[in-house]
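Coordinate inspection notes
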Amino acid sequence: YKKKILRSSAPSVKNIDDEETDEEDTSDSCKDTSITIMDAHRWALEKSALIDGKFVTTTVGVAYAWESWAVGDETLRSAGGITKPLLKPSELEDAVAKQAAAIRELKEGRGLGNKDPEVVEAVSELVRLKDLLESVA
């Protein structure tokens, strides 16, 4: 599940010591603060009760849980203050193709086998990139 959450622009904070000028400070005031939650799970919050001898369930809200969120088009954030660049599917496809070519070069060009440490490391990176591509697509 993927959902965009729009938040209002954060007003810029001024210190008391700042001098007042007629110029507008547009550095923070026009910044887009919307986020897109990635790989989220969504479920309804329900309240159950016996009414007139019948068991009745009423939806009272919606809850979301997610591990990461996109800020703008270039930043991916996750819990603990971890910030990474947001990779688009086309960029990931290119990275997978480049990594596969690098593995082919190690095996065919340099004659390394599947058990060589360089090949094992390159294959693990390829698997990581493919998992990222699958989660984004």
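Cut-offs applied
- Residues numbered from 1 in each chain as written.
- Predicted model: local features only at pLDDT ≥ 70, side-chain atom pairs only at ≥ 80, totals over all residues.
- Heavy atoms only, no water.
- Helix = DSSP H or I, 4+ residues; strand = E, 2+ residues; numbered from the N terminus.
- Buried < 20%, exposed > 50% of the residue type's maximum accessible area, 1.4 Å probe, protein only.
- Contact = heavy atoms within 4.5 Å.
- Pairing = 2+ DSSP bridges.
- Salt bridge = Lys/Arg side-chain N within 4 Å of Asp/Glu carboxyl O.

1. Comments concerning the side chain of S78
- Along the chain, the position of S78 falls in strand β6 (residues 75-78).
- Given the relative accessible area of 18%, S78 is considered buried.
- The residues touching S78, leaving out its near neighbours within four places in the chain, are E67, S68 and W69.

2. Here we look at the side chain of Q99
- Structurally, the position occupied by Q99 is in helix α2 (residues 89-109).
- Residues within four places of Q99 in sequence aside, it is in contact with A122, E125, L126 and L129.

3. Notes on the pairing of strand β3 (residues 41-51)
- Sheet topology places β3 next to strand β4 (residues 54-65); 11 bridges connect them, and they run antiparallel. Within the sheet, the bridge partner assigned to E46 lies in β4 and is T59.
- Here β3 hands over to β4 after two residues, with D52 in that stretch at a positive phi of 55°.

4. Comments concerning the environment of A40
- Looking at the element boundaries, A40 is found in the loop between β2 (35-38) and β3.
- The sequence separation of A40 and S68 amounts to 28 residues, and the corresponding C-alpha distance is 8.3 Å.

5. Some remarks on the pattern of salt bridges
- Under the definition given, this model contains two salt bridges.
- Ionic pairing is found between E118 and R110, a salt bridge with its closest N-O pair at 3.1 Å.
- For E118, a relative accessible area of 38% gives the class partly exposed.
- The shortest N-O distance in the salt bridge between R128 and E125 comes to 2.7 Å.

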